[in-house]
Amino acid sequence: MELPSRRAVEDLADELRLGVPAEHLDVYHAVASGLLGSWAVVDELYDRHVAPTAPVRKWSEPVGNPLGAWYVTTELRERADGPLSGRRIAVKDNVAVAGVPMMNGSETVRGFVPGVDATVVTRLLQAGATIAGKAVCEDLCFSGASHTSRTGPVRNPWDRDRTSGGSSSGSAALVASGEVDLALGGDQGGSIRIPAAFCGVVGFKPTFGLVPYTGAFPIEQSLDHLGPIAPTVADAAAMLTVIAGADGKDPRQPTGVAGTDYLAGLENLGRGLRIGVVTEGFDQADSDPGVNAVVRRAVEKLTAAGHVAEEVSIPWHKHGAALWDVISVEGATWQMVQGNAYGMNWKGSYDPAQIAFFGERWRRDPSAFSETVKLVALGGTYALRNGYGAGYAKARNLEGVLTAAYDSALDTYDVLVMPTLPITASLIPPADAPVEEVLGRALEMLSNTAPLDVTGHPACTVPAGLADGLPVGLMVIGKRFDDAGVLRAAHSFEQTLGTLTAPDKKEFTA
């Protein structure tokens, strides 16, 4: 970083309206220049002691790619044994795989190559998995549908004219089509559960902080989650067993948080479960009666299988989306946009190369943002300039009330259930669609999933059946850090409800 000229200091003082007298400018220039010399010292120390060197790893542009779900393909393997040996895994393209390009669905990140593996990638490789490539995700992961990535739309293997869901769009499409055994997804407003539900597979959002986010491109530190997308609950449990637990680098994680053998715990149900069927989950503004009917029938099957299901009202569930709107929009504007993804003021592992790359690129051409990110930047900047962050603070303080509402119901019931999404997969907007359709399709399905990102409760979507030939998800919610209990319940429900197979699956299975 070049030291500032005296004129630069004068101009900056005027811009910030600091009221620095002209006779003081020489002093401020001299002292500021001395202060800024520390940046050069830190640069030298970082390069000498900490800066990573990316490994040389082979990667390829995808061949074929009929669903548009691959960003790049790889065949990365570090060991032949381990609990995930022989499993091919797609990694969502907001998660760093060192030496392999990461675009995060956006022109503002295109060309960036991480120097260090994300913690979860390291753990997958150490468990014997094969990283088969990077799965396309939505532009900066801010869409619940699959049409915002700058590589093009990701198509649903149940109907290629329809969304696969977002933002982990490619991850779910690749699992549902059979191209990979497992995939890593990320979830800030439902982005694991939405595409999993639309594509008829399992998606598990762990308790906030259970899985380290280190090395993944952040949106809003209090909402960031990583978790598995898989064909079955058992597959998701096997993957969670590998990636869960503290890494000492992520302040999202409580000190000493640890995972367990989630796969081994699936069979320890022992009795029928008490299920709270959340009334408000069926009563969203855009709820499809066909979706509600499929989930209601699924609940009837669960009661016939020996579980006890009762209706429970959680009025605060309907307020959750408003809290999420304020937290995600103001928080993402402050952190992801103004703070160049990582923001500041937290102890943990940063990626200065990514920060500098993204910060320079988006400021060079903010028009490269997708429509959804432009909406966030506009709404968030307006709110911050006029409310000074007080709206964010109020929403954060209301989080405890929302959390307590779910916890109160979970004091009575083992798990809560509702439709994962109020609708089935909608049509992908055409390339010339009006902006209102682009935005509407991106955000229309968040009402049931987003509140659980605010509170951090674990939530798993499992297939409940089909409505008009398209998958419908049943969302299973449990107490925070009872991820094992949620998976156990979801596994039991899956034994009764069955799994789904996409019509296109055989076409892509090796």
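This text follows the structure it describes.
Okay, so let's go over this structure. The shown structure was predicted, so the numbers you read here are calculated from the model rather than taken from an experiment.

Basis of the calculations
Residues numbered from 1 in each chain as written. Predicted model: local features only at pLDDT ≥ 70, side-chain atom pairs only at ≥ 80, totals over all residues. Heavy atoms only, no water. Helix = DSSP H or I, 4+ residues; strand = E, 2+ residues; numbered from the N terminus. Rg over C-alpha atoms; globule rule 2.2 N^0.38 Å. Buried < 20%, exposed > 50% of the residue type's maximum accessible area, 1.4 Å probe, protein only. Contact = heavy atoms within 4.5 Å. Lys, Arg positive; Asp, Glu negative; His and termini not counted. Charge placed at Lys NZ, Arg CZ, Asp CG, Glu CD. Core = buried A, V, L, I, M, F, W, Y, C linked by side-chain atoms within 4.5 Å. Salt bridge = Lys/Arg side-chain N within 4 Å of Asp/Glu carboxyl O. Phe/Tyr/Trp six-rings, centres within 6.5 Å; stacked < 30°, edge-to-face > 60°. Lys NZ or Arg CZ within 6 Å of the ring centre and 35° of its normal. 1 Å grid on protein atoms, 1.4 Å probe; cavity = no way out; pocket = protein on both sides within 12 Å on 5 of 7 lines; lining within 4 Å. Points joined across faces, edges and corners; volume = space filled by probe spheres on them. Pairing = 2+ DSSP bridges. Axes fitted to C-alpha atoms, helices over the stretch in contact; angles between N-to-C directions.

1. A short note on the overall build of the chain
In step 1: The helix and strand inventory of the chain stands at 15 helices and 13 strands.
In step 2: Relative to the 2.2 N^0.38 estimate, which gives 24 Å for 510 residues, the radius of gyration of the chain is 23 Å and therefore close to what a compact globule would have.
In step 3: The principal-axis extent of the C-alpha atoms belonging to the chain is close to 85 × 50 × 50 Å.
In step 4: The burial tally for the chain puts 55% of its 510 residues in the buried class.
In step 5: For the chain, the proportion of contacts with a sequence separation of at least 24, taken over those separated by at least 6, is 77%.
In step 6: If the 42 positive side-chain charges of the chain are averaged to one point and the 59 negative ones to another, these points end up 3 Å apart.

2. Some details on the side chain of His491
In step 1: Take His491: it is sitting in helix H14 (residues 483-497).
In step 2: In this structure, His491 is in contact with Val233, Leu266 and Glu267, ignoring residues within four places of it in sequence.

3. Comments concerning the nonpolar core
In a soluble, globular protein the nonpolar side chains are often hidden away together inside.
In step 1: Core analysis: the biggest nonpolar cluster contains 85 residues, and Leu84, Val95, Val120, Leu124, Leu240, Leu474 and Phe493 have the highest contact counts within it.
In step 2: With eight residues, helix H6 (residues 233-243) is the largest single contributor of residues to this core.
In step 3: Filtering out sequence-adjacent residues up to four positions away, Val95 remains in contact with Met102, Ala118, Val120, Val121, Lys134, Leu184, Gly215, Ala216 and Leu226.

4. Observations regarding the pattern of salt bridges
Side chains bearing opposite charge may pair, as long as their charged atoms lie close to each other.
In step 1: Considering all chains together, one arrives at 26 salt bridges under this definition.
In step 2: Note that Arg57 is salt-bridged to Glu78, the shortest N-O span being 3.5 Å. Taken together, the residues Arg57 in the loop between helix H2 (25-49) and strand S1 (70-76) and Glu78 in the loop between S1 and strand S2 (88-92) connect sequence positions 21 residues apart.
In step 3: Residue classification places Arg57 among the buried positions, given a relative accessible area of 17%.
In step 4: Two residues, Glu107 and Arg110, come together in a salt bridge whose shortest N-O distance is 2.6 Å.

5. Overview of the packing of aromatic side chains
In step 1: Taken as a whole and judged by the stated rule, the model has seven aromatic pairs.
In step 2: Residues Phe142 and Trp324 carry aromatic rings whose centres are separated by 6.3 Å and whose planes lie at 35° to one another, so their mutual orientation is tilted. You can see Phe142 sitting in the loop between strand S3 (130-135) and strand S4 (155-156) and its partner Trp324 sitting in helix H8 (residues 320-338), a full 182 residues away along the chain.
In step 3: Relative accessible area serves as the criterion here: at 7%, Phe142 is assigned to the buried category.
In step 4: By relative accessible area, Trp324 is classed as buried at 9%.
In step 5: Taken together, the aromatic side chains of Tyr342, Trp346 and Tyr350 make up a single cluster linked through ring pairs.
In step 6: Over the ring of Phe282 we find Arg296; its NZ or CZ atom is 3.8 Å from the centre of that ring.

6. Some words on empty space enclosed by the protein
In step 1: For the coordinates displayed, the defined rule picks out three cavities of 30 Å³ or more.
In step 2: As a volume, the largest cavity reaches approximately 110 Å³.
In step 3: Of the pockets and cavities examined, the second largest cavity occupies roughly 40 Å³.
In step 4: Along its surface, the second largest cavity is lined by Tyr213, Thr214, Gly215, Ala216, Pro218, Lys249, Asp250, Arg252, Tyr342, Trp346 and Ser349.

7. Section: helix H3 (residues 119-126)
In step 1: Across the eight residues of H3, six count as buried, placing the element largely inside the fold.
In step 2: Listed as buried for H3 are Thr119, Val120, Val121, Arg123, Leu124 and Leu125.
In step 3: Taken together, the buried residues of H3 touch S1, S2, S3, strand S6 (182-187), strand S8 (225-230) and H6.
In step 4: Looking at the residues trailing H3, positive phi occurs at Gly128, about 90°.

8. Considerations on unusual backbone geometry
In step 1: Across the junction of Gly166 and Ser167, the peptide omega takes the value 0°, indicating a cis bond.
In step 2: Within the secondary structure, Ser167 is located in the loop between strand S5 (159-163) and helix H4 (169-177).
In step 3: Here Asn340, not a glycine, exhibits a phi torsion of approximately 55°, which is positive.
In step 4: Considering the arrangement of structural elements, one finds Asn340 in the loop between H8 and helix H9 (352-364).
In step 5: Even without a glycine there, the phi angle at Phe481 is positive, about 70°.
In step 6: Summarising the element assignment, Phe481 is placed in the loop between strand S13 (470-477) and H14.
In step 7: Residue class for Phe481 comes out partly exposed when judged on its relative accessible area of 41%.

9. Overview of the sheet that holds strand S12 (residues 459-467)
In step 1: Spatial strand order, S1-S3-S2-S6-S8-S7-S12-S13-S11-S9-S10: 11 strands in an open sheet with mixed pairing. In this open sheet, the two strands that pair with only one neighbour each are S1 and strand S10 (308-312). Going across the sheet, the axis of each strand differs from the next one's by a mean of 25°, ignoring polarity.
In step 2: In terms of strand pairing, strand S7 (residues 202-205) meets S8 through two bridges, oriented antiparallel. Counterpart to Val202 in the pairing with S8 is Ala230.

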